[in-house]
Every structure is written in structure tokens, then in C-alpha cells.
Amino acid sequence: MQKILNYINGELLEPVSKQFMDNFDPSTGSVYSLIPDSDERDVELAVKAADEAYENWSSFSPEKRSKIMVRISELMEKHIDKLAEAETVDQGKPLWLSKTGEIPRAISNIRFFGTAIEHFASEAHPMGDHAINYTVRTPIGVVGCISPWNLPLYLFTWKIAPALATGNCVVAKPSEITPMSAYLFAEICIEAGLPKGVLNIVHGLGPKVGSSIVSHPNIKAISFTGGTKTGAEIARVAAPMFKKLSLELGGKNPNIIFADCDFDKMLNETVRSSFLNQGEICLCGSRIFIERPLYEKFKTAFIEKIKQQILGDPLNEKTKIGAIVSEPHFQKILSYIELAKQEGGTILIGGNNVKPEGRCANGWFIEPTIIEGLSYDCRTNQEEIFGPVVTLTPFDNEEEVLMMANSTQYGLACTVWTENLTRAHRISQKIKSGIVWINCWLLRDLRTPFGGVKQSGVGREGGWEALRFFTEQKNICVKL
Ligand code: NDP
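Residues numbered from 1 in each chain as written. Predicted model: local features only at pLDDT ≥ 70, side-chain atom pairs only at ≥ 80, totals over all residues. Heavy atoms only, no water.

Some words on empty space enclosed by the protein
- In the structure shown here, the tally under the stated rule is three cavities of 30 Å³ or more.
- Counted as a void, the largest cavity has a volume near 100 Å³.
- In terms of lining, the largest cavity is formed by 13 residues, of which the most central are Gly251, Gly279, Cys284, Ser286 and Phe386.
- Looking at side-chain class alone, the lining of the largest cavity contains six nonpolar, five polar and two charged residues.
- Of the volumes computed, that of the second largest cavity is approximately 70 Å³.
- Lining the second largest cavity are 14 residues; nearest its centre among them are Pro254, Ala405, Tyr410, Gly411 and Lys432.
- Of all the elements in the fold, those that place two or more residues in the lining of the second largest cavity are β13 (253-257) and β20 (410-411).
- Per-class residue counts for the lining of the second largest cavity are six nonpolar, five polar and three charged. (1 Å grid on protein atoms, 1.4 Å probe; cavity = no way out; pocket = protein on both sides within 12 Å on 5 of 7 lines; lining within 4 Å. Points joined across faces, edges and corners; volume = space filled by probe spheres on them. Nonpolar A, V, L, I, M, F, W, Y, C, P; charged D, E, K, R; others polar. Helix = DSSP H or I, 4+ residues; strand = E, 2+ residues; numbered from the N terminus.)

This is the structure in C-alpha cells:
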């Protein structure tokens, strides 16, 4: 059986413990590879390698670092089919989505930050003719990047690309649930000639490997994407050590639909924003609010559309809804569907686990599920489910929908559907979230700030924000 290996000091290594854990294919429920069960000893080796590599890597010109990163992106292009298949087998998402969405976006991350660094300038502040201030931006040193399982290679590269471009050395941990694409990425880094120790990937469990990265005194900054509870634990450990922190956490995003929207466009996008990647995207709109005059028309049309969504083998090109990433997560989603029933919700469609025929009979699949009749403040409507489950709630006016939309502890993203431009801008101002999409969803420009408010996170990633996060500033004042 294939063994995934750590990538430390330019080499692919077994963990010090020599222990491995099972890695599951969620579409079959069976073990298909083994993951290193690393611990603090592997993290120590990775930090040592990164420390040793830092002087050299940070002294490279931006152009030289850029060249290596562009080479990595070209090799990712070359291996795109292999990466896409690996992501699908590991995560459960349909293969077409890995091929057209996630892996091309991961490649863009490396190329975008690898070229952005050549244009990254710092500021100067002249004080008339008697003095000038100029600001230098230097890399931080060794930094830690920890990513989740839902968009494995995309979120992994989203963090390490700006960290490497700015001259830091990295100790990274992908989710133990979806480690395969990061392992293949390590092979690509070797092929591309990334100097040893610049990037180190330690596989294993969050409480062992992740927490060793967070608490290591030589790691000066942590960029984390994952659940709010884990983010709080990371902040508890890292804040007293005065580490720089970027936390991209959970969401419970509202999708607000006004009666004057472009109905067909809204309907097609709402199918995507509800169920793409089995609803396992932090930006999915899981709470759908519909202006009352449109409610019944929307409900009927939405259910009809969902009936056409083909669920099953992620390797089949017709599949729209693949497998749920792991058995614990599958159980968690089903328990929320039960909770919704106890809270008085009516399941309009879905609500069950499915056993597809053939090779996926033992996989973890859940029907796309639409629920109505719940109060906006019940647990189903307040807690993150992170699966193919959405709720429908009617509203009568802007004040009411804003109150309901803003009622959760989260504030990541929001979608608004209306042809009334003034209203769209007014709602966008009043929504408490880091991202608002008007008449679209998941339209991403890598230059824009990305992140949430409230318990959806601290800090922004993307564009210059990410390059600034991974650098320290020093102001130098010269008397003329
Ligand atoms: P988790 O918080 O469980 O895990 C995220 C990562 O942190 C994993 O690599 C995990 O390792 C690791 N980890 C776990 N415990 C610790 C610890 N004590 N110290 C350091 N690292 C630790 O999130 P999930 O993987 O379950 O991902 C789903 C969550 O991610 C959802 O809440 C979703 O909303 C959020 N998310 C947010 C995004 C955003 O941009 N705001 C984007 C995508 C997802 P292991 O896997 O071994 O437990």
C-alpha cells in the first residue's frame, strides 16, 4: 500500500516514530494509503531544516524566488491529471471539479504570488526637504501554515505561496484527512529544484503535529485555516508568544434573495452555492433567505433542480455530488439533519445517507438536503454544518432579513440577489461579513482581501495583504 512521506530538508522521509495511520477513500470507505503519524520530533527536524535554509532563501532576489515558484507552477500544470485524481480519491469531490476548479486554482496561487513578489514595493514618506522615511519589508523567518481538508491543495498553496515568495521558510501541515495532494506537491518541489529546507511538510494529527508547530518558539507566525474552535485553541497558545496570526475560520453564510432578482441566474448559482463540493466550502450559502412573494416559486424550482443533481462515484464525469470527506464528518452531518427534525424543520428533499451501487456501495454519501420551517435562531440555523444541507426562510423586509442574516457568531461571506442597485449596496454596507457577492457567488480575484469578521477569523489573506502578513516592516528615518 502506498505510503505518504514527510518532506523535510528536501527529502521524503518516514516519521521518526515509524508509525503510520490509515488514509481512507471516502467514496469506498476503504483504506487506500498510509499517512505518517508524525510528532514533535518530526516538527523539530523540520524547524531545524527551515532555520538552516532561511539565510540563503531570504537573500535570493525576488526574481530568483519567482523563477523557482513559476517552475513549480509549470510542473503542477504538467501533472494536473495526477493531482486532480489524487484530490478526488482523497477528498471525495467530483473529478471534473478537481480538474476544472481546485487544482487550476492551486496552480494559480503559486503563479500569482510567485510573480506578485516581483511587483511588491514598500512605501516612502518624505518630510518636506529635511527628512525622508522609507520602509523596508523583510521576511519573518520560519513560519507555520496549517490547512483543512475541504479544498486541500488549494488552501495549502494559498498559504505557502505568499510565505515562500516573501522569503520565509515554511513548516506546513495539511489536514491528516486529505494529505495526498500535499505529498505529490512535495515531489514537484523536489523536481523543480526548490532548495532543501525552504518548504517542509509534516503529516499527522492536529493535536500532535499542528500544536507542535503552533507552540514551537522558532516559528514566528502562524497562518491557519480551519474550524473556529481550533482557531481559538491556536490563538490561546500563540498569542502569549507574540506570534503573528492569520486565522481563517468557520462560516454560516446567508444567501439573500429578493423578489426582483434575475430568477434563472439566481437559481443556477444558488444550486452551486448550496451544494458545490458537497457543501463543504467555507463560502457556501447554507442559510437561504427568500423574500416572501418569491418563496413558493423559488422552493418549487429549487427542489426540481436538486432532483437533477446526480450523486455518486466522484470519478464518474456525470456526478455532481460526491462523497463526504470522512466517516466522522458524515455522522456529524446526519446528526444535524436529525437535530433539524427535532427543532421542527420539514425536510423538503434529501435528508438521507445513500449507498450507491457498485464500487461506492460502502462510501459516505448524503443526499442534498433542503429544510424549511425552522426559526432563524435555532441551532440548525446558527451552527456550521459544512455539508450538503441548506435551510429556507422567508422574509418580509430588509430590516428583518438583515437581523436574521447577522444573527450568527460568524461573518465570513454573504450573497445578495436583487436587480435594485441601491438596495444591493445598502445591504452590503449593513451585512456583517468580510465578503459580499452581489448577483454572483465564488467569483474570486486573488488580489482582493479574503477573510471574515466575528468568529469567522482574524486578518485578511490574498493579494498584498498576504505578502504584508508574511513580512515585518521597519521604518528608517533619514535626516537630510
Ligand atoms: P479543523 O480546525 O479541525 O482542522 C484544520 C487543521 O488544523 C487541520 O490540519 C487539523 O489537523 C489542524 N489542527 C487540529 N487541531 C489542531 C491544534 N490543536 N493545533 C494546530 N492544528 C490543529 O478544521 P477542518 O479540517 O475540519 O476544516 C473545516 C473547517 O475549516 C470548517 O469550519 C470551515 O468553515 C473552515 N474553513 C474555513 C475557510 C476560510 O477561509 N475561512 C476555508 C475552508 C475551511 P487534523 O486534520 O489532523 O485534525
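A look at the site of the ligand
- Of all residues adjacent to the ligand, which total 32 residues, the nearest are Gly227, Thr230, Leu249, Cys282 and Glu384.
- At 2.8 Å, a backbone N or O of Ser147 approaches an oxygen atom of the ligand.
- Between the ligand and Trp149 there is a distance of 2.8 Å, counted from an oxygen atom to a side-chain nitrogen or oxygen.
- Considering the ligand on its own, with 900 Å² of exposed area, one finds that the protein chains cover 88% of that surface.
- Judged by the proximity of its atoms to the pocket grid, the ligand belongs to the largest pocket.
- Counting only elements with at least two residues in the shell around the ligand, the list comes to α7 (206-215), β11 (219-225) and α8 (228-238). (Near = heavy atom within 4 Å. Polar contact = N/O pair within 3.5 Å; in protein donor to acceptor, adjacent residues only side chain to side chain. Areas by Shrake-Rupley, 256 points an atom, 1.4 Å probe, with all protein chains shown as cover. Sits in = over half its atoms within 2 Å of the grid points.)

Quick notes on the sheet that holds strand β6 (residues 124-127)
- Read from one edge to the other, the open sheet built from three strands follows the order β6-β7-β25, with strand pairing classed as antiparallel. In this open sheet, the two strands that pair with only one neighbour each are β6 and β25 (471-479). Each strand axis lies, on average, 20° off the axis of its neighbour in the sheet, ignoring direction.
- Two elements, strand β7 (residues 131-139) and β25, share nine bridges in a ladder whose sense is antiparallel. Within β25, the residue paired with Tyr134 across the bridge is Ile476. (Pairing = 2+ DSSP bridges. Axes fitted to C-alpha atoms, helices over the stretch in contact; angles between N-to-C directions.)

Some remarks on α8
- Of the positions making up α8, those classed as buried are Thr228, Gly231, Ile234 and Ala238. Viewed along the axis of α8, the buried residues span an arc of 115°, placing them on a single side of the element. In this structure, α8 carries Lys229 and Arg236 as exposed residues pointing more than 90 degrees from its buried face.
- Next to the buried residues of α8 lie α7, β11, β12 (244-248) and β20. (Buried < 20%, exposed > 50% of the residue type's maximum accessible area, 1.4 Å probe, protein only. Arc of directions from axis to C-beta. Contact = heavy atoms within 4.5 Å.)

Overview of the side chain of Arg287
- Counting through the fold element by element, Arg287 comes out in strand β14 (residues 285-291).
- One buried charge, Arg287, has no salt-bridge partner; the nearest side chain with opposite charge is Asp377, at 10.0 Å.
- A polar atom in the side chain of Arg287 sits 2.9 Å from the backbone oxygen of Ala405.
- Ignoring any residue separated from it by four or fewer positions in sequence, one finds Arg287 in contact with Lys252, Asn253, Pro254, Asn255, Asn381, Thr391, Met404, Ala405, Ser407 and Thr408. (Lys, Arg positive; Asp, Glu negative; His and termini not counted. Salt bridge = Lys/Arg side-chain N within 4 Å of Asp/Glu carboxyl O.)

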